[in-house]
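The chain contents come next:
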Amino acid sequence: LVPSGLTYNTVMAACAEAGEPFKAKELFSDMKARGLTPDATSFSACLSAYCGAGKWDEVLEMAGEIGDSNVEMNSITANSIMIAHAMLRQWDKALTHFENLRRRGIKADVLTYNALITALANGGKKERALQVAMTMERDGVAMDE
């Protein structure tokens, strides 16, 4: 009996809640090995597990897998990647990720903007961080959501 994609996603989400990122990734790999195609929820569950454990390099590794797949990025996957760039002080990659999201029509929310502003500020790009904050306001995203 092969578990369904929904079952895998549910158990991976439980792994995220339990602080077991590597178990979530093991299930993700098993899912693919059994011929099931991961969806945005599958990626989100693994990314949430990695973010919760502070495994930022693994978040970016999984981001590469998303890019290699036909899965549409959602706000959870987009924000997980942005937060990883911020935590790793990769302001240039965070900015590129933000621009790619906008090109793809993925609307930035307060988490997206805050992670980008943090990445820019941590990278010494304070003027650019202020510009992003103004863009955030112009886009109608409240800073205190």
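Residue numbering note: each chain is counted from 1, following its sequence as written. Per-residue local features are limited, in this predicted model, to residues with pLDDT of at least 70; the limit for side-chain atom pairs, both in listing and counting, is 80 or more; totals at the level of whole chains, interfaces and linings are taken over all residues. Side-chain numbers here rest on the full set of heavy atoms in the structure, without hydrogens or water.

A.B. asks: Which parts of the structure should I look at to understand the state of the cysteines?
C.D. replies: In what follows, a disulfide is any cysteine sulfur pair within 2.5 Å. This structure, assessed with the given rule, holds 0 disulfides. We note that Cys51 lacks a disulfide partner, and the nearest cysteine sulfur, in Cys46, lies 11 Å from it.

A.B. asks: What is the right way to read unusual backbone geometry from this model?
C.D. replies: Glycine aside, residues mostly have negative phi, and peptide bonds are mostly found in the trans state. The residue Arg89 is not glycine, and still its phi comes out positive at about 60°. Relative to the helices and strands, Arg89 is located in the loop between helix H5 (75–87) and helix H6 (91–103). The buried label goes to any residue with under 20% of its type's maximum accessible area, the exposed label to any with over 50%, and the partly exposed label to all in between, with areas taken from a 1.4 Å probe on protein chains only. Residue Arg89 is classed as exposed on the basis of its relative accessible area, which comes to 53%. Runs of E in the DSSP output that reach at least two residues are strands. Runs of H or I that reach at least four are helices, and both are numbered from the N terminus.

A.B. asks: Could you clarify how one ought to interpret helix H3 (residues 40–52) in this entry?
C.D. replies: Three- or four-residue spacings in an α-helix give side chains the same orientation, since the helix completes a turn every 3.6 residues. The first and last C-alpha atoms of H3 sit 18 Å apart over 13 residues, in line with the 18 Å expected at 1.5 Å per residue. Among the 13 residues in H3, 10 count as buried, and that is most of the element. Residue contacts are defined here by distance: any two heavy atoms, one from each residue, within 4.5 Å place the two residues in contact. Packed against the buried residues of H3 are helix H1 (5–17), helix H2 (21–33), helix H4 (56–68) and H5. If you check the start of H3, you find a side-chain oxygen 3.1 Å away from the backbone N of Thr41, and it comes from Asp39. Downstream of H3 by a residue or two, Gly54 has a phi angle that is positive, lying close to 70°. Helix span is expected to be 1.5 Å times the residue number reduced by one. Each polar contact in these results corresponds to two N or O atoms within 3.5 Å; when the atoms are within protein, one needs to be able to donate a hydrogen and the other to accept it, and residues that are neighboring in sequence are counted only if both atoms are side-chain atoms.

A.B. asks: Sorry, what's going on with the pattern of salt bridges here?
C.D. replies: Side-chain pairing between opposite charges can occur once the charged atoms of the two side chains come close. We define a salt bridge as a contact between a side-chain nitrogen of Lys or Arg and a carboxyl oxygen of Asp or Glu at a distance within 4 Å. Taken as a whole, this structure holds 5 salt bridges when the rule is applied. A salt bridge links Arg34 to Asp30; the shortest N-O distance between them is 3.1 Å. Asp139 serves as the salt-bridge partner of Arg102, at 2.9 Å between the closest nitrogen and oxygen. On the criterion of sequence distance, the pair formed by Arg102 in helix H6 and Asp139 in the segment after helix H8 (126–138) is long-range, its members being 37 residues apart. Exposure remark for Asp139: the relative accessible area of 30% places this residue in the partly exposed category. A cluster of three or more residues bridged by salt bridges with shared partners is formed by Lys25, Lys32 and Glu65.

A.B. asks: I'm lost on the packing of H6 against helix H7 (residues 110–122) in this one. Help?
C.D. replies: In a pair of packed helices, the angle between the axes and the distance between the axes together describe the arrangement. Under this scheme, a helix contributes an axis fitted over its contacting stretch, all axes are lines through C-alpha atoms, and angles between N-to-C directions fall in the 0 to 180 degree range. Where H6 meets H7, the closest approach of the two axes is 8 Å, and the angle between their N-to-C directions is 150°. Relative to H7, the element H6 lies roughly antiparallel. The handedness of the crossing between H6 and H7 comes out as left-handed. Touching Trp91, Ala94, Leu95, Phe98, Leu101 and Arg102 of H6 are Thr112, Tyr113, Leu116, Ala119 and Leu120, all from H7. Roughly parallel covers angles under 35 degrees, roughly antiparallel covers those over 145, roughly perpendicular covers 65 to 115, and oblique covers all other angles. Take the far helix as the reference: if the near one is turned anticlockwise from it by less than a right angle, the crossing is left-handed, and if turned clockwise, right-handed.

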